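The chain contents come next:
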Amino acid sequence: MTGISGAAKLAGVIGWPIKHSLSPALHGYWLQSLNIDGAYVPLAVEPANLEVAVRTLPNLGFAGANVTVPHKEAVRAFIDHETETTTRIGAVNTLICNEDGTITGDNTDAFGFISHLYDAAPSWSPLLGTAVVLGAGGAARAVIDALQQAGVSQILVTNRTQEKAQALADHFGVGVHVVPWPERSDALNDAMLLVNTTTLGMTGKPSLDITLNGLASDAVVYDIVYAPLLTDLLKAAAERGLTTVDGLGMLLHQARPGFAAWFGTLPEVTGALREHVLEVLRSRG
Ligand code: ATR
């Protein structure tokens, strides 16, 4: 389709700042390749304007929107319904405008995380054993929820600020335990999955200091950082012959349910989509 018609369906991504978001490129690729009459636009919304912006979406005829940093938690105050996943995670990344003018908040980060894990590491199963999660921010909440819902019976959380890890363990309850940050390498003994949700290893951030010796030889290492795509953690894991999972797939998969709700088709994550988004990342240097 060249351009859009007057009947085009509309969605976007609300954040502040928003210009670095990859979501417009991602959804734009799907809209074009699926030949859908729709548009997905960046919406730069300052925190002070969040309520008005969100409440205006149905009035402008938007089908919905994604929500990103720094609004994922604050936006809960301005919606009418939220899914059980949203309540468990405590954050919204997807808004759906309903026919009656109300707005539902969903969280698809957990879906994105686990979908990409099953895709990229088909040998992994939740029943194989312990998972270790590094970090205790918003991303860690989505990851722990996904692992718990998938049926992982033991999840160890370790974070520089231990109280935050403890708060997560208290929130998610049975099967989630805290390991002190200085003992993070020891926590890997016999673990089948290691997930980095910290910002360590990201371009411009300090590197992640951890020894992978304790991991089982068939363990999986998942780094949700995607800039760079191949982090030092993933390099070290690959050198040991472990299965590695990078962070880009989580971003691509989390976008699928929103696209389906707004535009009526559940899109696929393909090699061509990944290449397209990687090209956008590369063009930024
Ligand atoms: P997100 O919502 O994306 O998870 P975040 O809430 O900023 O982002 O969380 C970043 C994570 O990286 C936190 O777990 C943070 O640890 P603290 O809770 O102690 O702040 C972790 N992190 C950031 N810089 C770190 C560093 N230099 N050393 C160890 N952990 C770090």
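In the block above lies the structure referred to throughout.
These numbers come from a predicted model, not from an experiment. (Residues numbered from 1 in each chain as written. Predicted model: local features only at pLDDT ≥ 70, side-chain atom pairs only at ≥ 80, totals over all residues. Heavy atoms only, no water.)

1. Considerations on the pairing of strand 10 (residues 193–196)
Step number 1: Of the two faces of strand 10, the one lined by Leu193 and Val195 and the one lined by Leu194 and Asn196 are each fully buried.
Step number 2: Bridge count between strand 7 (residues 131–134) and strand 10: four bridges; the pairing is parallel. When the bridges of strand 10 are listed, Leu134 appears paired with Asn196.
Step number 3: Of the strand pairs in this sheet, strand 10 and strand 11 (residues 220–223) are connected by four bridges, and their pairing is parallel. The residue of strand 11 that forms the bridge with Asn196 is Asp223. (Buried < 20%, exposed > 50% of the residue type's maximum accessible area, 1.4 Å probe, protein only. Helix = DSSP H or I, 4+ residues; strand = E, 2+ residues; numbered from the N terminus. Pairing = 2+ DSSP bridges.)

2. Remarks on the site of the ligand
Step number 1: Looking at the ligand, there are 13 residues lining it, with Ala136, Asn159, Arg160, Thr161 and Lys164 nearest.
Step number 2: With respect to the ligand, the backbone of Gly138 contributes an N or O atom lying 3.0 Å from an oxygen atom.
Step number 3: In this structure, an oxygen atom belonging to the ligand sits 2.8 Å away from a side-chain N or O atom of Arg160. (Near = heavy atom within 4 Å. Polar contact = N/O pair within 3.5 Å; in protein donor to acceptor, adjacent residues only side chain to side chain.)

3. Description of the sheet that holds strand 5 (residues 94–97)
Step number 1: With respect to topology, six strands assemble into an open sheet ordered 2-1-3-5-6-4, the strand pairing being mixed. At either margin of the open sheet sits one strand with a lone partner, and together these are strand 2 (38–44) and strand 4 (81–82).
Step number 2: Looking at chain direction, strand 3 (residues 64–67) and strand 5 are connected through three bridges and run antiparallel. For Asn66, the partnering residue across the bridge sits in strand 5 and is Thr94.

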